[in-house]
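A structural walkthrough
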Amino acid sequence: MASRQAIAAVQRQIFGTLPNKNVRTGNQVLKKRFTGPMLERYYLEPIEPSARFTMPEYTSEIQQRRLDKLETLRRRGKGPPKKGSGKRSKK
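The rules behind the values
- Residues numbered from 1 in each chain as written.
- Predicted model: local features only at pLDDT ≥ 70, side-chain atom pairs only at ≥ 80, totals over all residues.
- Heavy atoms only, no water.
- Helix = DSSP H or I, 4+ residues; strand = E, 2+ residues; numbered from the N terminus.
- Rg over C-alpha atoms; globule rule 2.2 N^0.38 Å.
- Buried < 20%, exposed > 50% of the residue type's maximum accessible area, 1.4 Å probe, protein only.
- Areas by Shrake-Rupley, 256 points an atom, 1.4 Å probe, with all protein chains shown as cover.
- Lys, Arg positive; Asp, Glu negative; His and termini not counted.
- Charge placed at Lys NZ, Arg CZ, Asp CG, Glu CD.
- Phe/Tyr/Trp six-rings, centres within 6.5 Å; stacked < 30°, edge-to-face > 60°.
- Patch = residues over 30% accessible without salt bridge, like charges linked within 9 Å, V, L, I, M, F, W, Y side chains within 5 Å.
- Salt bridge = Lys/Arg side-chain N within 4 Å of Asp/Glu carboxyl O.
- pLDDT = per-residue confidence, 0-100.

1. A short note on the overall build of the chain
Helix and strand content of the chain: 5 helices and 0 strands. Shown N-terminal to C-terminal, the secondary structure of the chain runs as helices and strands in the order α-α-α-α-α. Its C-alpha atoms give the chain a radius of gyration of 31 Å, more than 25% over the compact-globule value 12 Å for 91 residues. Once the C-alpha set of the chain is aligned to its principal axes, its extents read approximately 90 × 45 × 20 Å. The burial tally for the chain puts 3% of its 91 residues in the buried class. As displayed, the chain has an accessible area near 9,800 Å², and 56% of this comes from carbon and sulfur atoms. For the chain, the distance from the average position of its 22 positive side-chain charges to the average position of its 7 negative side-chain charges is 19 Å.

Here it is as structure tokens:
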């Protein structure tokens, strides 16, 4: 004769139920609705990569602001050093 555990296991397989004991199965997480497609629709794809591909002279507002700031810093002598001429290369 089959044991109670074996019968319960077969019963769970047939009817697709979970054990009633305090066992963490992750079923609650798996039942939740998948949010991937909604998040994908919310955040639009940036146009910068495709715009730079079609128009090489294209710069975004943020990029232009960064370039302007670098230019003013260089005029004051506070800009980044040229490649290979930093603090550590002089030692």
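2. Quick notes on the packing of aromatic side chains
For the coordinates displayed, the defined rule picks out 1 aromatic pair. Ring geometry for Tyr42 and Tyr43: centres 5.0 Å apart, planes at 85 degrees, overall edge-to-face. Of the two residues, Tyr42 and Tyr43, neither departs from the other in class, the shared state being exposed.

3. Some words on a nonpolar patch on the surface
Where nonpolar side chains cluster on the molecular surface, the patch consists of Val10, Ile14 and Phe15 and spans about 340 Å² of accessible area. Residue position: Phe15 is located in helix α1 (residues 4–15). For Phe15, a relative accessible area of 61% translates into the label exposed.

4. So, the pattern of salt bridges
One pass over the full model with this rule turns up 3 salt bridges. Taking the shortest distance from any N to any O, the salt bridge between Glu61 and Arg65 comes out at 3.1 Å. With Glu61 and Arg65 both in helix α5 (residues 61–76) and 4 residues apart, the pair spans about one turn of that helix.

5. Here's the deal with the confidence of the model for the chain
Any residue range with low pLDDT should be treated as having predicted coordinates unsuitable for detailed reading. Mean pLDDT over the chain works out to 86, with 97% of the residues at or above the 70 mark. Looking over the chain, one finds the lowest element-wise mean pLDDT in helix α2 (residues 27–31), namely 85, and the highest in α5, namely 94.

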